[in-house]
Amino acid sequence: MVYLHGWLGSARDWNAVQPLLPGLALDLPGHGAARHQTEAAASLPGAADAVVAAVEAARVERPVLVGYSMGGRVAMTAALRHPGRFRALILESTSPGLRTEAERTARHAVDEARAAQVERDFAGFLHDWYRLPLFASLDAVPGRVAATVAERLLGDPAELARALRGLSVAHQPSYWDRLADLPPTLALAGALDAKYVGIVEAMAAAPTVTARVVPDAGHSIHRERPAAFIETVRTWLAAQ
């Protein structure tokens, strides 16, 4: 298994699942130990190629590539740029991209505003970010939002803003018509995350993709319900 975290995260985000699903957790450009990488690395093609280089350096043969949110989009990019390199993909709360140029233009404006706020007031941004409906289910465990914000504050605002600008879905081509080119893929969404339930169910129209919805979970399944995440992944892998 090779694990890719989401925006603002780090390799540590997978600590809860690795005891039972061990693997190589990587820091994406601008995050954790991968701060201060080149400008080219802070792009979807650059990040995807960096993942493949790390896998090759670790001498991992045809691993299962697991990506959450932004990390899932990096995973799809890596699989499409390097056919045959990965045995399977597991995509958690991940979109194949926006379908139209108008949607990408609108998202670019949103992410530019977010990046500017990160640079201007990182703590304030994090407080607002983890109060978005997308992360409402984090509140199910008292103190989890506060702990998450405290962990994220360890990041470098300038690097995270650069990563958001470079790795934004606004710069990603639509992969909707290329899902059939992926290796066997498990697309996961939390039942409380209605937007991504719809996305993964639509992705399952491709012959390569299996969709699974995890009960009582929101956007961040592996952090909210790690045991359910592990069981769902194990069951699917056993059937491959």
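Structure: see above.
*Asks:* Please explain the overall build of the chain as it appears in this structure.
*Replies:* Regarding its fold elements, the chain presents nine helices and six strands. Computed over its C-alpha atoms, the radius of gyration of the chain comes to 17 Å, within 12% of the 18 Å expected for a compact globule of 240 residues. Taking all 240 residues of the chain together, the buried fraction comes to 53%. Excluding contacts between residues fewer than 6 apart, the proportion of contacts in the chain whose partners are at least 24 apart in sequence is 71%. Summed over its atoms, the accessible surface of the chain is roughly 10,300 Å², and 56% of this surface lies on carbon and sulfur atoms. One way to put it: in the chain the 24 positive side-chain charges average out to a point 3 Å from where the 25 negative ones average out.

*Asks:* How do you make sense of the pattern of salt bridges when you look at a structure like this?
*Replies:* Pairing is possible between side chains of opposite charge, provided their charged atoms come close. Overall, the coordinates contain 13 salt bridges when judged by the stated rule. R81 is paired through a salt bridge with D49; the nearest N and O atoms lie 2.8 Å apart. Placement of R81 in helix α2 (residues 70-81) and of D49 in helix α1 (residues 44-57) is noted, with a sequence separation of 32 residues between them. Of the residues examined, R81 reaches a relative accessible area of 43% and is grouped as partly exposed. The closest approach of N and O atoms between R165 and E112, which form a salt bridge, is 2.9 Å. Remark: E112 occurs in helix α3 (residues 101-120) and R165 occurs in helix α6 (residues 157-167); sequence separation between them is 53 residues.

*Asks:* Whenever I open this one, the environment of L28 confuses me. Can you help?
*Replies:* In this fold, L28 is placed in the loop between β2 (24-26) and α1. According to the relative accessible area criterion, L28 is buried, its value standing at 1%. Residues L28 and A47 lie 19 residues apart in sequence; the distance between their C-alpha atoms is 6.8 Å. Residues contacting L28, with those up to four places away along its chain left out, are L4, H5, A34, V51, M70, G71 and V74.

*Asks:* Where do I start with helix α7 (residues 194-203) in this structure?
*Replies:* Side chains three or four residues apart in an α-helix point the same way, a direct result of the helix having 3.6 residues per turn. Burial in α7 covers these residues: Y196, V197, I199, V200 and M203. The buried residues of α7 occupy one face: seen down the axis, they fall within an arc of 165°. Among the exposed residues of α7, those pointing more than 90 degrees away from its buried face are A194 and K195. Packed against the buried residues of α7 are β4 (88-92), β5 (185-190) and β6 (209-214).

*Asks:* I'm lost on helix α9 (residues 226-238) in this one. Help?
*Replies:* In this model α9 runs 18 Å from its N-terminal to its C-terminal C-alpha over 13 residues, within 8% of the 18 Å that 1.5 Å per residue would give. What α9 keeps buried is the set A228, F229, I230, T232, V233, W236 and L237. The secondary structure elements touched by the buried residues of α9 are β3 (64-68), β4, β5, β6 and α8 (221-224).

*Asks:* I keep staring at the pairing of β4 and nothing clicks. Help me out?
*Replies:* Taken residue by residue, a regular strand's side chains alternate between the two faces of the sheet. Taking burial as the measure, the five residues of β4 include five buried ones, the bulk of the element. Considered for its hand, the β-α-β crossover made up of β3, α2 and β4 is right-handed. As judged from the four bridges shared by β4 and β5, these two strands associate in the parallel manner. What sits directly across from I90, in β5, is L186.

*Asks:* How should the sheet that holds β6 be read in this particular structure?
*Replies:* Pairing between the strands of a sheet comes from backbone hydrogen bonds, and it takes one of two forms, parallel or antiparallel. Across the sheet, which stays open at both edges, the six strands sit in the order β2-β1-β3-β4-β5-β6 with parallel pairing between neighbours. The sheet terminates laterally at β2 and β6, the two strands that pair on one side only. Averaged over all adjacent pairs, the angle separating strand axes in this sheet is 20°, with direction ignored. On top of the sheet, α1 reaches β1 (2-4), β2 and β3; it is set at about 145° to β2, its chief contact.

*Asks:* For this particular structure, what's the right way to read the packing of α1 against α2?
*Replies:* The geometry of a pair of packed helices is captured by two quantities: the angle between their axes and the separation between those axes. Two elements in contact, α1 and α2, have axes whose closest approach is 8 Å; the angle formed by their N-to-C orientations is 75°. Taken together, α1 and α2 sit at an angle that is classed as roughly perpendicular. Facing L44, P45, A47, A48, D49, V51 and V52 of α1, the residues of α2 in contact are R73, V74, T77, A78 and R81. Residue composition of the contact of α1 with α2, by class: eight nonpolar, one polar and three charged.

Reading the values: rules and limits
- Residues numbered from 1 in each chain as written.
- Predicted model: local features only at pLDDT ≥ 70, side-chain atom pairs only at ≥ 80, totals over all residues.
- Heavy atoms only, no water.
- Helix = DSSP H or I, 4+ residues; strand = E, 2+ residues; numbered from the N terminus.
- Rg over C-alpha atoms; globule rule 2.2 N^0.38 Å.
- Buried < 20%, exposed > 50% of the residue type's maximum accessible area, 1.4 Å probe, protein only.
- Contact = heavy atoms within 4.5 Å.
- Areas by Shrake-Rupley, 256 points an atom, 1.4 Å probe, with all protein chains shown as cover.
- Lys, Arg positive; Asp, Glu negative; His and termini not counted.
- Charge placed at Lys NZ, Arg CZ, Asp CG, Glu CD.
- Salt bridge = Lys/Arg side-chain N within 4 Å of Asp/Glu carboxyl O.
- Arc of directions from axis to C-beta.
- Expected span 1.5 Å × (residues − 1).
- Right-handed = clockwise from strand over helix to strand, strands pointing away.
- Pairing = 2+ DSSP bridges.
- Axes fitted to C-alpha atoms, helices over the stretch in contact; angles between N-to-C directions.
- Parallel < 35°, antiparallel > 145°, perpendicular 65-115°, else oblique.
- Nonpolar A, V, L, I, M, F, W, Y, C, P; charged D, E, K, R; others polar.

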